[in-house]
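# Topology and contacts: notes
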Amino acid sequence: MVSQDEVSQDAAAAPEQPVLHIKGRILVGPDPLSGVRDEMWVVGGRITFDRPAGARDVTTVEGWVLPGLVDAHCHVGLDAHGAVDETTTEKQALTERHAGALLLRDAGSPSDTRWIDDREDLPRIIRAGRHIARTRRYIRNYAHEIEPGDLVAYVAREARRGDGWVKLVGDWIDRETGDLGACWPRGAVEAAIAEAHRLGARVTAHCFAEETLAPLVEAGIDCIEHATGLTEETIPLFAERGVAIVPTLVNIATFPRLADGGQGKFPRWADHMRRLHARRYRTVGAAYDAGIPVYVGTDAGGSLPHGLVAQEVAELVKAGIPASAALAATAWGAREWLGRPGLEEGAPADFVVYGEDPRADVRVLGAPRRIVLRGRVVA
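Parameters at a glance
Residues numbered from 1 in each chain as written. Predicted model: local features only at pLDDT ≥ 70, side-chain atom pairs only at ≥ 80, totals over all residues. Heavy atoms only, no water. Core = buried A, V, L, I, M, F, W, Y, C linked by side-chain atoms within 4.5 Å. Buried < 20%, exposed > 50% of the residue type's maximum accessible area, 1.4 Å probe, protein only. Helix = DSSP H or I, 4+ residues; strand = E, 2+ residues; numbered from the N terminus. Contact = heavy atoms within 4.5 Å. Pairing = 2+ DSSP bridges. Axes fitted to C-alpha atoms, helices over the stretch in contact; angles between N-to-C directions. Patch = residues over 30% accessible without salt bridge, like charges linked within 9 Å, V, L, I, M, F, W, Y side chains within 5 Å. Areas by Shrake-Rupley, 256 points an atom, 1.4 Å probe, with all protein chains shown as cover. Salt bridge = Lys/Arg side-chain N within 4 Å of Asp/Glu carboxyl O. Lys, Arg positive; Asp, Glu negative; His and termini not counted. Charge placed at Lys NZ, Arg CZ, Asp CG, Glu CD. Phe/Tyr/Trp six-rings, centres within 6.5 Å; stacked < 30°, edge-to-face > 60°. Lys NZ or Arg CZ within 6 Å of the ring centre and 35° of its normal. 1 Å grid on protein atoms, 1.4 Å probe; cavity = no way out; pocket = protein on both sides within 12 Å on 5 of 7 lines; lining within 4 Å. Points joined across faces, edges and corners; volume = space filled by probe spheres on them. Nonpolar A, V, L, I, M, F, W, Y, C, P; charged D, E, K, R; others polar.

### Here we look at the nonpolar core
- Residues Leu-151, Leu-168, Ile-221, Ile-224, Phe-238 and Leu-316 are the most contacted members of the largest nonpolar core, which totals 78 residues.
- Element by element, the count of residues in this core is highest for helix α4 (residues 186-198), at five residues.
- When near neighbours in sequence (up to four residues on either side) are disregarded, Ile-224 contacts Thr-204, Ala-205, Cys-207, Leu-213, Leu-216, Phe-238, Val-243, Ala-244, Ile-245 and Val-246.
- Within the second largest apolar cluster, 14 residues are counted, among which are Val-65, Leu-343, Val-353 and Val-372.

Structure follows, in structure tokens:
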């Protein structure tokens, strides 16, 4: 938190930034009573709930306010074929911004996107470095493709390059079996996760299959992406260990199309993907009911377009997650999980304003009225 004097000093140091007066319902947290404020101010690019003395040229914005939304699984600087140029990367980031996603966890990209950090008009990114996959067991041009003996070294490399996360590819098509199969032996992944933790990074993994999950959780992994293979046997393990999931349901919706494309060559895999798709809502609903932390991520940037965060929240609600919890999964809770502030005294002014209450209908997230990034109205 910062004092009123510090806020005033920020304003004096950056006179080009307007003072904003936000009125309406400021949703600072999920509690329907204590989590609502009537107004806040933006001075020097930061939030304050104290009326600034002598403020001039004040712009008033009214509506329902949420902290900038979180897309906790997307890929900036990546498309279906691999790394993209800076112009395309910028368009991807702007598309996320226009959707209200102002904090992105980039879950693997071969592009160096650190130049985005110098852009005041683009979302903040938490990077997981580049994917780490088994040789010929992932999408071409995406990942470091290595063998188990090199896993610890590559995890250490990406832990140093990333922003506190490392991304593994936990399973993929095994050409010998014609179905999904785990990529890493237990000992290698245990050592790799231990090394990441030693370096202060958390580890997440792409996982579709059932049998991949327990060994990764028992090895100490922090998060699982997609997690379509959760079962009655593994859900309690996730809940006990506090391992989060990012279901990416807008991506899981593509499984039938993928299965149709692979039916001729990998019929076992295709049938498996269809089964995972058919039970996707039951899987996510059961995970939430068991107390597993669930966060919003879209998997945009590969085969999916950016800007799908509102659709993913709506998908979580379809899975049986209450609207308030689905909002927390892209707002207050997601920011806390990633170690970033929300609507707090002295926090950077990154928030989205809506014309209606998103707690009553999460589809409101698809129509932001105003988007404020680093204290400026950008859309």
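### A look at the sheet that holds strand β8 (residues 101-106)
- Taking strand neighbours across the sheet as the criterion, the three strands line up as β5-β8-β9 in an open arrangement whose pairing is parallel. A single partner strand is all that each edge strand has here, and the edge strands are β5 (69-74) and β9 (124-127). When the angles between neighbouring strand axes are averaged without regard to direction, this sheet yields 20°.
- Inspection of the sheet shows β5 paired to β8 by four bridges, in the parallel sense. Pairing of Cys-74 across the sheet is with Asp-106, part of β8.
- Most of the contacts of helix α2 (residues 86-98) go to β8, to which it runs at about 130°, and overall it touches β5 and β8.

### Quick word on the environment of Pro-267
- Here Pro-267 lies in helix α9 (residues 267-278).
- For the pair formed by Pro-267 and Gly-178, sequence separation is 89 residues and the distance between their alpha carbons is 7.4 Å.

### Topic: the pairing of strand β1 (residues 19-27)
- Summarising the sheet, β1 and strand β4 (residues 58-67) pair through eight bridges and their orientation is parallel. Across the sheet, the residue bridging to Gly-24 is Gly-63, located in β4.
- In this sheet, strand β2 (residues 36-43) lies alongside β1 in antiparallel orientation, the contact comprising six bridges. By the bridge assignment, Leu-20 is partnered in β2 with Val-42.

### A closer look at a positive patch on the surface
- Residues Arg-136, Arg-140, Arg-175 and Lys-265 make up a contiguous surface patch of positive charge.
- If you trace the backbone, Arg-136 turns up in the loop between β10 (132-134) and β11 (144-146).
- Under the relative-accessibility criterion, Arg-136 is labelled exposed at 61%.

### Here's the deal with the packing of aromatic side chains
- Under the definition given, this model contains five aromatic pairs.
- On the basis of an interplanar angle of 75° and a centroid distance of 6.0 Å, the ring pair of Tyr-138 and Tyr-142 is categorised as edge-to-face.
- By relative accessible area, which is 12% here, Tyr-138 ends up buried.
- Ring plane angle 70° and centroid distance 4.8 Å describe the contact between Phe-208 and Phe-255, whose orientation is recorded as edge-to-face. With Phe-208 in the loop between β15 (202-207) and α5 (213-218) and Phe-255 in helix α8 (residues 255-262), this pair connects stretches of sequence that are 47 residues apart.
- Taking relative accessible area as the criterion, Phe-208 reaches 7% and is therefore assigned buried.
- Cluster of aromatic residues (ring-pair linked, three or more members): Tyr-138, Tyr-142 and Trp-172.
- Over the ring of Phe-49 we find Arg-37, and its NZ or CZ is 4.2 Å from the ring centre.
- The cationic tip of Arg-280 hangs over the ring face of Tyr-281; the distance from NZ or CZ to the ring centre is 4.3 Å.

### Some details on the layout of surface pockets
- Computed from the structure, the largest pocket encloses a volume of approximately 540 Å³.
- As for the largest pocket, its lining consists of 26 residues, of which Ile-139, Trp-172, Asn-251, Leu-258 and Ser-303 are closest to the centre.
- Listed by contribution, the elements that provide at least two residues to the lining of the largest pocket are β13 (171-174), α8 and α9.
- If you tally residues by element for the lining of the largest pocket, the top one is α8, at three residues.
- Split into classes, the residues belonging to the lining of the largest pocket amount to 14 nonpolar, nine polar and three charged.
- The volume enclosed by the second largest pocket comes to roughly 330 Å³.
- Along its surface, the second largest pocket is lined by Arg-136, Arg-137, Tyr-138, Ile-139, Arg-140, Glu-145, Trp-172, Ile-173, Arg-175, Lys-265 and Phe-266.
- Considering only residue class, the lining of the second largest pocket consists of five nonpolar, no polar and six charged.

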